[in-house]
Amino acid sequence: MDYTQAIKDYIELEKDTLSKLDVNAINEAMNAIIQAYEGKHIIYIFGNGGSSATASHYQNDFNKGISEYVETKFRFQCLNDNVATVMAIANDIGFEEVFRFQLKNKLEEGDIIIAISGSGNSKNVINAVEYAKSCGNKIIGMTGFTGGKLKELSDISLHVPVMSMQTTEDIHMVFDHLIMSIFYKTLCGREHLKK
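About the criteria used
- Along each chain, numbering runs from 1 in the same order as the chain's sequence is written.
- Given that the model is predicted, a residue must reach a pLDDT of at least 70 before its local features are reported, and side-chain atom pairs must reach 80 or more before they are shown or counted; all residues, however, enter totals for whole chains, interfaces and linings.
- Excluding hydrogens and water, the side-chain values take into account all heavy atoms of the structure.
- The term salt bridge refers to a side-chain nitrogen of Lys or Arg lying within 4 Å of a carboxyl oxygen of Asp or Glu.
- Numbering of helices and strands starts at the N terminus; helices are DSSP runs of H or I of at least 4 residues and strands are runs of E of at least 2.
- Buried residues are those whose accessible area, probed at 1.4 Å on protein chains only, stays under 20% of the maximum for their type, while exposed residues exceed 50% and partly exposed ones sit between those limits.
- Every angle, taken between N-to-C directions, lies between 0 and 180 degrees, and every axis is a line fitted to C-alpha atoms, over only the stretch in contact when it is a helix.
- Working definition: roughly parallel below 35 degrees, roughly antiparallel above 145 degrees, roughly perpendicular at 65 to 115 degrees, and oblique for all remaining angles.
- By convention, the crossing between two helices is left-handed when the near helix turns anticlockwise from the far helix through less than a right angle, and right-handed when the turn is clockwise.
- The criterion used for residue contact is that any of the two residues' heavy atoms lie within 4.5 Å.
- Any two strands with at least two DSSP bridges between them are considered paired.
- For a crossover, the right-handed case is the one in which the path from the first strand over the helix to the second runs clockwise, viewed with the strands pointing away from the viewer.
- Whether two aromatic rings pair depends on their centres lying within 6.5 Å, for rings of Phe, Tyr and Trp, where Trp uses its six-membered ring; planes under 30 degrees apart make the pair stacked, over 60 edge-to-face, and the rest tilted.

Enquirer: What should I look at first to understand the pattern of salt bridges in this one?
Expert: Pairs can form between side chains of opposite charge once their charged atoms are near each other. The final tally for this structure, using the stated rule, is 6 salt bridges. When the shortest N-O distance is used, the salt bridge between Lys149 and Glu130 registers 3.0 Å. One end of the pair, Lys149, is in helix α7 (residues 148-153); the other, Glu130, is in helix α6 (residues 123-134), with 19 residues separating them in the sequence. For Lys149, a relative accessible area of 36% puts it in the partly exposed group. On the accessibility criterion, Glu130 (29% relative accessible area) is partly exposed.

Okay, here's the thing in structure tokens:
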């Protein structure tokens, strides 16, 4: 079986989608993250499925990857990483509350939210975002497809304009590594992460 054309098609879709990203929105998100970092605020991040793995990856890249080389550490907190907590909330209260419950009466002024949902319509993500907005916290929303409700609710929208969950999730990780790489240079004075 020759998959070469399918491979080329996938790569072309990635390249085309990357060319359509809103660079100003990425810049705005980076400034919000730096402002939270400099104020020693918590950056809450979360998502479902593949987006939960993406959220966990962000926490790792900022809390260890960059923080290893700076005095002031990033304070990312991934709300989907504690399986026991997520399962207890899902079982006892409801899956739609797994993120909002963890934010209730914890959010402080200056904390920000990075919410990830490919469709932009995940109920548990939307519930948490609506709660955070009611508390006056800034929302960075990462979406794909048409952006859904999350795009509408976001103060800063990192939208991937493509009708593909795989490409959406790929580019959500590009956001992570793009932002991390630039901060790695500006905060740590290093060109690339390396061991």
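So, next bit.
Enquirer: Sorry if this is basic, but what is going on with the packing of helix α1 (residues 4-18) against helix α8 (residues 165-188) here?
Expert: Between two packed helices, the angle of one axis relative to the other and the distance separating the axes together describe the packing. Across the interface, α1 lies against α8 with an axial gap of 10 Å and an inter-helix angle of 55°. What the angle tells us is that α1 and α8 run oblique. In the packing of α1 onto α8, the handedness of the crossing is right-handed. Across the interface between the two elements, Tyr10, Leu13, Glu14, Thr17 and Leu18 of α1 pack against Gln166, Thr167, Asp170, Ile171 and Val174 of α8.

Enquirer: Please explain the pairing of strand β4 (residues 138-143) as it appears in this structure.
Expert: Looking along a regular strand, one sees the side chains alternate between the two faces of the sheet. Judged by how many residues are buried, β4 sits mostly within the fold: 5 of 6 residues are covered. Of the strand pairs in this sheet, strand β3 (residues 112-116) and β4 are connected by 5 bridges, and their pairing is parallel. Counterpart to Ile114 in the pairing with β4 is Ile140. In this fold, the crossover linking β3 to β4 by way of α6 has right-handed handedness. With 4 bridges connecting them, β4 and strand β5 (residues 156-159) associate as parallel partners. Each bridged residue has a counterpart across the sheet, and for Met142 the counterpart in β5 is Leu158. Read as a crossover between parallel neighbours, the route from β4 over α7 to β5 is right-handed.

Enquirer: Looking at this structure, how should I read the environment of Leu107?
Expert: Among the structural elements, Leu107 can be located in the loop between α5 (100-103) and β3. For Leu107, a relative accessible area of 15% translates into the label buried. Remark: the alpha-carbon pair of Leu107 and Glu68, spanning 39 residues in sequence, is separated by 26 Å. For Leu107, the residues in contact, after removing those within four places along its chain, are Tyr44, Ile113, Tyr131, Ala132, Cys135 and Asn137.

Enquirer: Can you help me understand the packing of aromatic side chains in this one?
Expert: Aromatic ring pairs are described here by two measures, namely the spacing of the ring centres and the angle between the planes. Across all of its chains, the model carries 9 aromatic pairs by this definition. Clustering of aromatic rings is evident, with ring pairs tying together Tyr37, Tyr58, Phe62, Phe74, Phe76 and Phe183.

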